[in-house]
Amino acid sequence: MSSNFFAMVNRMKLIDRWALMNNTSKENIAEHSHSVAVIAHALALIGNKKFSKNYNCERAALLALYHDTTEVITGDMPTPVKYYNEEIKNVYRDIEHIAGERLLAMLPSEFKEDYTPFFEHQPEDQQLWALVKAADKISALIKCIEENRTGNREFEKALEAQQEKIDNIDLDEVRYFKETFLESYYLTLDEHTK
């Protein structure tokens with residue numbers, strides 16, 4: 001029996017983000033998911049080392065790596081549309097759930113249980129999903145910073161909105177990441193290597 005699951009996951013590189021915005025550098029959901037996985041792993045590690053938490057760092061990274069996989073079926077819904085109102089938000093959540101079920105159905109049965117938590121949030125992963133959500137927002141902020149640094153005025157308002165979102169996340173790990181690591185994203189390569 002042939003399985004299409006990984007071939008579909010591989011298509012993440014074909015789904016562009018920020019479709020309504022004029023980008024100086026394209027970003028697809030595979031690149032974004034990698035960024036979110038790196039940041040989620042860092043947030044979990046920060047939580048463990050600095051705030052005596054007991055996060056599973058590797059699991060946080062894995063959840064983040066798959067967090068947008070359903071978009072190979074749904075496409076990337078622009079944020080202003082996706083969150084326009086509660087009705088649209090709920091309908092889109094249902095569509096994402098169906099897309100997740102379709103992807104899981106592509107797996108051989110003996111692997112479905114292993115991949116289900118990536119598409120259906122499990123109660124035991126609740127804290128990790130909070131880190132993934134925060135990492136997703138940080139990754140979006142980094143994209144806005146990068147675009148803004150190139151002089152792309154298209155991202156000015158998005159940059160302000162993302163900064164405000166990060167400021168409103170009530171997690172010690174996020175505050176630490178912001179204070180310790182975020183400023184460096186505003187620097188040039190020469191400034192990084194001084």
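Right, let's walk through the structure included here. (Residues numbered from 1 in each chain as written. Predicted model: local features only at pLDDT ≥ 70, side-chain atom pairs only at ≥ 80, totals over all residues. Heavy atoms only, no water.)

Considering all chains together, one arrives at 10 salt bridges under this definition. Between Lys53 and Glu173 there is a salt bridge; the shortest N-O distance is 2.8 Å. Of this pair, Lys53 sits in the loop between α2 (29–51) and α3 (57–66) while Glu173 sits in helix α10 (residues 172–180), and the two are 120 residues apart along the sequence. The salt bridge involving Glu147 is made with Lys143; its shortest N-O contact spans 2.6 Å. Of this pair, Glu147 and Lys143 are both found in helix α8 (residues 126–149), 4 residues apart, which corresponds to roughly one turn of the helix. The network of salt bridges with shared partners includes Asp170, Asp172 and Arg175. (Salt bridge = Lys/Arg side-chain N within 4 Å of Asp/Glu carboxyl O. Helix = DSSP H or I, 4+ residues; strand = E, 2+ residues; numbered from the N terminus.)

Right, let's talk about the packing of α2 against α10 for a bit. The interhelical angle for the contact between α2 and α10, taken along N-to-C directions, is 105 degrees, at an axis separation of 9 Å. Taken as axis vectors, α2 and α10 run roughly perpendicular relative to one another. Across from Ile39, Ala42, Leu43, Ile46, Gly47, Lys50 and Phe51 in α2, the residues of α10 making contact are Asp172, Glu173, Val174, Tyr176 and Phe177. Along the lines of polarity and charge, the residues of the contact of α2 with α10 split into 8 nonpolar, 1 polar and 3 charged. (Axes fitted to C-alpha atoms, helices over the stretch in contact; angles between N-to-C directions. Parallel < 35°, antiparallel > 145°, perpendicular 65-115°, else oblique. Contact = heavy atoms within 4.5 Å. Nonpolar A, V, L, I, M, F, W, Y, C, P; charged D, E, K, R; others polar.)

With that settled, consider the nonpolar core. One finds Phe5, Leu43, Ile138 and Val174 to be the most contacted residues of the largest nonpolar core, which totals 50 residues. Top element by residues in this core is α8. It accounts for 12 residues. When residues no more than four places from it in sequence are discounted, the contact partners of Ile138 are Ile39, Leu43, Ile166, Val174, Phe177 and Leu182. (Core = buried A, V, L, I, M, F, W, Y, C linked by side-chain atoms within 4.5 Å. Buried < 20%, exposed > 50% of the residue type's maximum accessible area, 1.4 Å probe, protein only.)

Now for the side chain of Asn23. Note that Asn23 resides in the loop between α1 (5–10) and α2. On the basis of relative accessibility, which here comes to 15%, the residue Asn23 falls in the buried class. There is a polar contact of 3.1 Å between the side chain of Asn23 and the backbone oxygen of Trp18. Separated by 3.1 Å, the side chains of Asn23 and Lys143 make a polar contact. Setting aside anything within four residues of it in sequence, one finds Asn23 in contact with Arg17, Trp18, Lys143, Glu147, Asn152 and Phe155. (Polar contact = N/O pair within 3.5 Å; in protein donor to acceptor, adjacent residues only side chain to side chain.)

Relative to the helices and strands, Thr69 resides in the loop between α3 and α4 (71–74). There is a polar contact of 2.9 Å between the side chain of Thr69 and the backbone oxygen of Tyr66. In this view, Thr69 contacts Val9, Met12, Leu103 and Phe119; residues no more than four positions away in its chain are not counted.

In this structure the tally under the stated criterion is 12 aromatic pairs. With centroids separated by 6.2 Å and ring planes inclined at 85 degrees, the aromatic side chains of Phe5 and Phe119 adopt a geometry described as edge-to-face. Taken together, the residues Phe5 in helix α1 and Phe119 in helix α7 (residues 109–119) connect sequence positions 114 residues apart. Take Phe5 and Phe119: they sit in the same class, and that class is buried. Ring pairs connect the aromatic residues Phe5, Phe6, Tyr66, Tyr115, Phe118 and Phe119, which therefore count as one cluster. (Phe/Tyr/Trp six-rings, centres within 6.5 Å; stacked < 30°, edge-to-face > 60°.)

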